[in-house]
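# Notes for the structure review
Letter by letter, the chains look like this.
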Amino acid sequence: MSPTPSAAVEKAEKQVAAVLDDLEQSTHTEVQKLQLEDVVATDPVTGKPLVQKAVDITVKEKPGRRWSR
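Below is a summary of the structure that appears in this document. The structure presented is a predicted model; accordingly, all values stated were derived computationally and were not measured. (Residues numbered from 1 in each chain as written. Predicted model: local features only at pLDDT ≥ 70, side-chain atom pairs only at ≥ 80, totals over all residues. Heavy atoms only, no water.)

## Regarding the side chain of Thr29
How we decide: Helix and strand definitions follow DSSP, with helices as H or I runs of at least four residues and strands as E runs of at least two, each counted in order from the N terminus. Only protein chains enter the accessibility calculation, which uses a 1.4 Å probe; a residue whose area is less than 20% of its type maximum is buried, one above 50% is exposed, and one in between is partly exposed. We define a polar contact as two N or O atoms separated by no more than 3.5 Å, with the added condition that, inside protein, one atom must be a possible hydrogen donor and the other a possible acceptor, whereas residues neighbouring each other in sequence contribute only through side-chain atom pairs. Residues count as neighbours in contact if any of their non-hydrogen atoms are within 4.5 Å of one another.
Positionally, Thr29 belongs in strand E1 (residues 29-42). Thr29 sits in the buried class, given a relative accessible area of 8%. Here the side chain of Thr29 touches Thr27 through a polar contact of 2.6 Å, side chain to side chain. Apart from the residues within four sequence positions on either side, Thr29 is in contact with Leu23, Glu24, Val59, Lys60, Glu61 and Lys62.

Okay, here's the thing in structure tokens:
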């Protein structure tokens with residue numbers, strides 16, 4: 001039995017969240033914006049233009065936290 005669409009979406013959301021968390025941890029930044037966009041690439045088999053989906057991730061630096069003494 002295949003998972004229901006909502007269960008599949010929830011699973012995908014958790015996987016994306018894990019990837020974004022890894023990105024934030026490894027770059028010491030915060031993800032500010034995600035955007036899905038169309039990009040034109042060349043099909044390696046036919047050599048013709050091919051429209052593909054790409055994800056654009058905008059991050060910002062985390063503010064340095066210093067405690068006053």
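Don't stop here, the text continues.
## Focus on unusual backbone geometry
Leaving glycine out, the prevailing phi sign among residues is negative, and the prevailing peptide bond configuration is trans. With a phi close to 55 degrees, His28 is a non-glycine residue in the positive phi region. Tracing the backbone shows His28 in the loop between helix H1 (5-27) and E1. Assessed through its relative accessible area of 60%, His28 is described here as exposed.

## Structural notes on the pairing of E1
Here is the rule: Here, any two strands with at least 2 DSSP bridges between them count as paired.
In this sheet, strand E2 (residues 49-61) lies alongside E1 in antiparallel orientation, the contact comprising 13 bridges. Within E2, the residue paired with Val40 across the bridge is Val51. Count of turn residues in the E1/E2 antiparallel hairpin: six residues, of which Gly47 carries a positive phi of about 80 degrees.

Treat this as a map of the structure, not an account of what it does.
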